[in-house]
Amino acid sequence: MKHLSLLLLVLPVTLACGRDGTASPRAQEQSACGTPASSETVRVMEGLKPHCEGCHAQGARGYFASVDAFQSLMVSDARLVKAGSPDDSELVRLLEGRGSAAFKQMPIGEKSYAQLVSEGTATLPVADVRAWIQGLTAQQRDARPDPEAPRITRLSATQAQRALYQQLGLAHEDFFISANEFGIPMAEARNDDLYPLQPPDAVPAPRQGTTSERFYGLGGGSVMNQTSSDRGPSPTFALTLTQVSQRWCRLGLAKVGNVALFPAGTRRTADPTDVKATLRRWSLHFLGERFSDAQVEALYADVFVPLSTPTDTEPAYVGVCSYFIRHPHWIFY
């Protein structure tokens, strides 16, 4: 009965907004329901999206992640879109190349959006954006949490690179040497067999294209190249992470003086006791959780032993190391 009473209290708030965003009197008092996106809003978003989603598809400024995001983060924010007044809307000023804040135009680059329209690269005229804003009435942002919001997130390409550097005891210098091209500092890969990866927007920028391609393979994006990032668990991500994890684990194990994987006082041997102590330590090192005895035994039997040989344990340690990096608890948070 107690639970039923609680449910009856929650339902009026949960169901306060209709499909069209119309609020009940109680919801109106709470200012919970947001103004729904109109068909014209959707048309404007789709017209701007090809030139904006490269930088604005996620995060606090992920205006083009979805129609709901565009409506909530852009249209309902009077700092960007002032309903009924296109001249006072920062969105219009940015499109026309006369922004009043940190950026003077969007997209960033040599040409404003208005110039792209005049050249035929962009198809939605700025006049249509102005007319759309002119016809808008006051917009209300939805204050309710999104029930469809993702509960877990995959590591970004940059997060994966930084985590691997730290956990494997590697650094930029293990993969790159300094170079110059027409006086511009560049990162020259020591050897592509090391599987280096670097975002194209990094300073110094990667000199080899394959270096950036691996970054893209992990779902990385680029502001300069107008490429949006991808946080989905795609086959390309899985394949790239598998290749990089195996090669980098081997590199970390072979690095002289590296104590990231085998701190002082620990032993890298084929002795089952030493190996299992390493597996238990690595579970905490990579995943932040200590494996149980049963988990350690299973990992030892299923991964380490099949890859180990009487004269060489490196393949086995590489296999276990890459196992942890490909573990769902490492990839997602």
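Residues numbered from 1 in each chain as written. Predicted model: local features only at pLDDT ≥ 70, side-chain atom pairs only at ≥ 80, totals over all residues. Heavy atoms only, no water.

A. Fine view of the overall build of the protein chain. Along its length, the protein chain carries 14 helices and three strands. Evaluated residue by residue, the protein chain yields a buried proportion of 39% over its 333 residues. In the protein chain, once contacts between residues fewer than 6 apart in sequence are set aside, the share between residues at least 24 apart is 52%. Total accessible area on the protein chain stands at roughly 18300 Å², and carbon and sulfur atoms take up 56% of it. (Helix = DSSP H or I, 4+ residues; strand = E, 2+ residues; numbered from the N terminus. Buried < 20%, exposed > 50% of the residue type's maximum accessible area, 1.4 Å probe, protein only. Contact = heavy atoms within 4.5 Å. Areas by Shrake-Rupley, 256 points an atom, 1.4 Å probe, with all protein chains shown as cover.)

B. Seen up close, unusual backbone geometry. In this model, M106 is joined to P107 through a cis peptide bond whose omega is -5°. Within the fold, P107 resides in the loop between α5 (90-95) and α6 (113-119). Cis rather than trans, the peptide bond between V203 and P204 has omega equal to 0°. Residue placement: P204 occurs in the loop between β2 (184-189) and β3 (205-206). In this structure, Q226 takes a positive phi of about 55° despite not being glycine.

C. Fine view of the pairing of β2. Bridge count for strand β1 (residues 176-181) against β2 is six bridges, and the pairing is antiparallel. Bridging from a neighbouring strand, I177 pairs with E188 of β2. Connecting β1 to the next strand, β2, in antiparallel fashion are two residues, including F182 with a positive phi near 55°. When β2 meets β3, the two strands line up parallel, connected through two bridges. Opposite M186, over in β3, you have A205 as the bridge partner. (Pairing = 2+ DSSP bridges.)

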